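Per-entry structural report
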Amino acid sequence: MTPSISLESISKIHHLDLFNVTTWEEYWASVSKQLTLVYGEVEFTLSKVNKNSGAHSLLYSTCPQLSELHGNYDEGEPESHFADFDVLQKDGSFHLQFNDHNVTANKVHSLTVQSKGKLTSLFLHSQSQAPQVEDEALILQALCQSYMWFSEWKTVYSKLLTSEAKLDAINRIGETIGSLDVDVLLARLMEISLFICSSQVGLIAMVEEGNLESKVEWGVSLQMVQSLKYANGNSILSEVINAQEAVHIQDFDADERYMRDETGLVKSFMCVPLIAKGRAIGAINLIAAEGMGDPFTEAEMETLRTVASLAATAIENARLHHAALEKERMTAQLKVAQTIQEGLYPTEAPTVPGFEVAWAHCSCDETGGDYFDFIYREEQEFDLVIGDVSGHGIGSALLMATGRASLRSIMESSSRSDLSVVIGILNDLLENDMDESHFMTFFLSRMDLKARTLEFVNAGHDQPLIYRKATGEVEELDSTGMPLGLFPDQEYDVQTVDGLHPGDIIMLTTDGVWEAPNDKKERFGKERLIEALKETAESTPEEIAKEIKNRVVQFVGNDSFDDDFTMVVVKKVGS
């Protein structure tokens, strides 16, 4: 029985309700419904053909025989199978006559589907009992046009979805980028990325001091992500950071450019760098696990790129803000530390019968490791101390404070015992407190005001200078033992300087004085220091300290020293 075809039935096929159809499954259901109304039971296929090469792919089929035929020539050389066809082109349509006896269909009718003037596919219609319908071509034309329309609609719809996802992502990121909390930003970025890409597994890694560190883990570890590699063995994540280029892998196991995932859990993978100010500061990593959703699409990849671009700048701004706050906090703390340390230094020169005392001191940072002190008691003895902790900054300042407190405690408890005993106890205390990278040079002296003698212990400190007015010469007081804090149970010899006379000068310095360099990398040096002492010997200790510091500043070219600067000048006066 010949089915009845009316303009209404053709119109129904031509005007399928495709605005409410968004998937191929929904489209084929609509097509089948309309074809059934026209033909009754019908079998058909839709194939995509590259006419030039003969490459052929089956898009959809309800006809087992034609599906089987597609399978045969999909596996072999297309040209050999097309040799079985007699293809005649007439008025823009194709009529294919199959010379294969295994195909029971007695009629196959196809029509070109044109898109922008280019042949993209063929629609094939098969019937076991072909009806004699004169208007059959109209039905096929309507159906082909609906397929073409739907294909274009799918492209537009996909772009709409992508645009909508991007807009949604931009809105979500926009609500987040105002935050200046890095941790909040990264957590929110991970949540948004997972949402817009319908993923359940992800990780954000950031570059910290040249190394990758995991900041947000959502079902996967940094070690796992770094195990995903190119075929040459290089980590995908590391390469994305180095090249600043995103990677999108739809099917990890099927792509020969990459090593097979040993766990078998990764189906699809996206890694997008976070680029700020021309450098990669991190990367977003998303995984579509096997059996947990579809592979990532190009649309999702583009949306993730948009999110990463917006987020990177926000993250960098938040990090800079955090660094600024941290610097401000540290500066405030260092200011407090500086105030505390300055309180440990002498604030005014001691009044010592027969002697005048002055000093010049400054730290190259807010705090320093230089130490000097005066201890005067009972108008008989005057202790003169100077020390230098290796390095400078807050760590050295803490060790300097420890040394000062320990020395004063020892001298109080030992009733100002022998200097070798005092320095030995101090060495053992500091050895317990200092790590292997720190030590302290130390000069401890005791002046007998009546005998005009100077006993001293020099624990690896720069040689103090003794200027003799009678001869105009300068003596150097050598080391008598190891610096403090290196080894326990050290012994230190006590040396004595006799006959301090009016005009004689004792000068103590740290290495920041004579080692001060100029722009030619030349040091001020001991020779210039000794010469300056001789030339200023007739001045007061305060004038001597001021003049020598000025000479060092002039030599260096500025008053910003690379190391802590400490100088103590003691001059014998009177008769």
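Above this note sits the structure.
Residues numbered from 1 in each chain as written. Predicted model: local features only at pLDDT ≥ 70, side-chain atom pairs only at ≥ 80, totals over all residues. Heavy atoms only, no water.

Along its length, the protein carries 14 helices and 21 strands. The burial tally for the protein puts 44% of its 575 residues in the buried class. Contacts spanning at least 24 positions in sequence make up 62% of the contacts within the protein whose residues lie at least 6 apart. (Helix = DSSP H or I, 4+ residues; strand = E, 2+ residues; numbered from the N terminus. Buried < 20%, exposed > 50% of the residue type's maximum accessible area, 1.4 Å probe, protein only. Contact = heavy atoms within 4.5 Å.)

In this fold, Thr480 is placed in the loop between β18 (473-476) and β19 (495-497). Note: C-alpha distance between Thr480 and Asn458 (22 residues apart in sequence) is 5.0 Å. Within the local environment of Thr480, its side chain forms a polar contact with the backbone oxygen of Asp493, the two atoms lying 3.1 Å apart. (Polar contact = N/O pair within 3.5 Å; in protein donor to acceptor, adjacent residues only side chain to side chain.)

The subject of this paragraph is the nonpolar core. Most often, soluble globular proteins have nonpolar side chains that are buried together. In this structure, Leu407, Phe442, Met447, Leu484 and Ile506 are the most contacted members of the largest nonpolar core, which totals 44 residues. Not counting residues up to four positions away in its chain, the partners in contact with Phe442 are Tyr371, Val385, Ile386, Gly387, Leu407, Ile423, Leu426, Val457, Asn458, Ala459, His461 and Leu484. Among the nonpolar cores identified, the runner-up in size contains 31 residues, and Leu185, Met270, Ala288 and Val307 belong to it. (Core = buried A, V, L, I, M, F, W, Y, C linked by side-chain atoms within 4.5 Å.)

What follows concerns the packing of helix α13 (residues 525-535) against helix α14 (residues 541-556). At a closest axis distance of 10 Å, the pairing of α13 and α14 adopts a crossing angle of 140°. One element, α13, and the other, α14, form an angle in the oblique class. Handedness of the crossing formed by α13 with α14: right-handed. The residues of α14 that touch α13, namely those facing Arg528, Leu529, Ala532, Leu533 and Glu535, are Ile544, Ile548, Arg551 and Phe555. (Axes fitted to C-alpha atoms, helices over the stretch in contact; angles between N-to-C directions. Parallel < 35°, antiparallel > 145°, perpendicular 65-115°, else oblique. Left-handed = near helix turned anticlockwise from the far one by under 90°.)

The next subject is the pairing of strand β17 (residues 465-468). Within a regular strand, side chains alternate between the sheet's two faces. Along β17, one buried face is formed by Leu465 and Tyr467 and the opposite face, lined by Ile466 and Arg468, is buried too. The sheet contact formed by β17 and β18 spans 4 bridges and is antiparallel. Looking at the pairing, Arg468 lines up with Glu473 of β18. Hairpin connection from β17 to β18: 4 residues lie between these consecutive antiparallel strands, with Gly472 at a positive phi of about 75°. Note: β17 against strand β20 (residues 505-509), 3 bridges, orientation antiparallel. Bridging from a neighbouring strand, Tyr467 pairs with Ile505 of β20. (Pairing = 2+ DSSP bridges.)

A separate point is the sheet that holds strand β8 (residues 211-218). Pairing between the strands of a sheet is mediated by backbone hydrogen bonds and can be parallel or antiparallel. The 5 strands are arranged β8-β7-β11-β10-β9 in an open sheet whose pairing can be described as antiparallel. The strands lining the two open edges of the sheet, one partner per strand, are β8 and β9 (247-249). Shown here is a sheet whose adjacent strand axes are inclined to one another by a mean of 20°, direction ignored. Of the pairings in the sheet, the one linking strand β10 (residues 266-276) to strand β11 (residues 279-289) comprises 10 bridges and is antiparallel in character. Across the sheet, residue Met270 finds its bridge partner in β11, namely Leu286.

All right, on to the pairing of strand β13 (residues 370-377) then. With 6 of 8 residues buried, β13 lies mostly within the body of the structure. By the bridge criterion, 8 bridges tie β13 to strand β14 (residues 381-389) in an arrangement that is antiparallel. Considered in β14, the bridge of Ile375 is made with Asp383.

Here we come to the sheet that holds β18. Spatially, the 5 strands line up as an open sheet ordered β12-β21-β20-β17-β18, and their pairing is antiparallel. Every other strand in the sheet has two partners, leaving β12 (355-362) and β18 as the edge strands with one partner each. For this sheet the average axis-to-axis angle between neighbouring strands, irrespective of direction, equals 15°. Relative to strand β21 (residues 565-572), β12 runs antiparallel, the two sharing 8 bridges. Bridge pairing links Val357 to Val570 in β21. Its contacts with the sheet place α14 against β12, β20 and β21, and it is angled at close to 145° to β21.

Checked against the element boundaries, Ser406 lands in helix α10 (residues 394-413). Discounting residues that sit within four places of it in the chain, Ser406 has contacts with Leu426 and Leu429.

Attention shifts here to unusual backbone geometry. Notably, Ser198 is not glycine yet its phi reads approximately 50°, a positive angle. Within the secondary structure, Ser198 sits in the loop between α6 (182-196) and β7 (201-208). On the basis of relative accessible area, Ser198 is assigned to the exposed category, the value being 60%. The phi dihedral of Lys521 is positive, around 70°, even though this residue is not glycine. The exposure class assigned to Lys521 is exposed, which follows from its relative accessible area of 72%.

Tallied over the full model, the rule gives 14 salt bridges. Through salt bridges with shared partners, a single ionic network connects Glu208, Glu213, Lys215 and Arg319. (Salt bridge = Lys/Arg side-chain N within 4 Å of Asp/Glu carboxyl O.)

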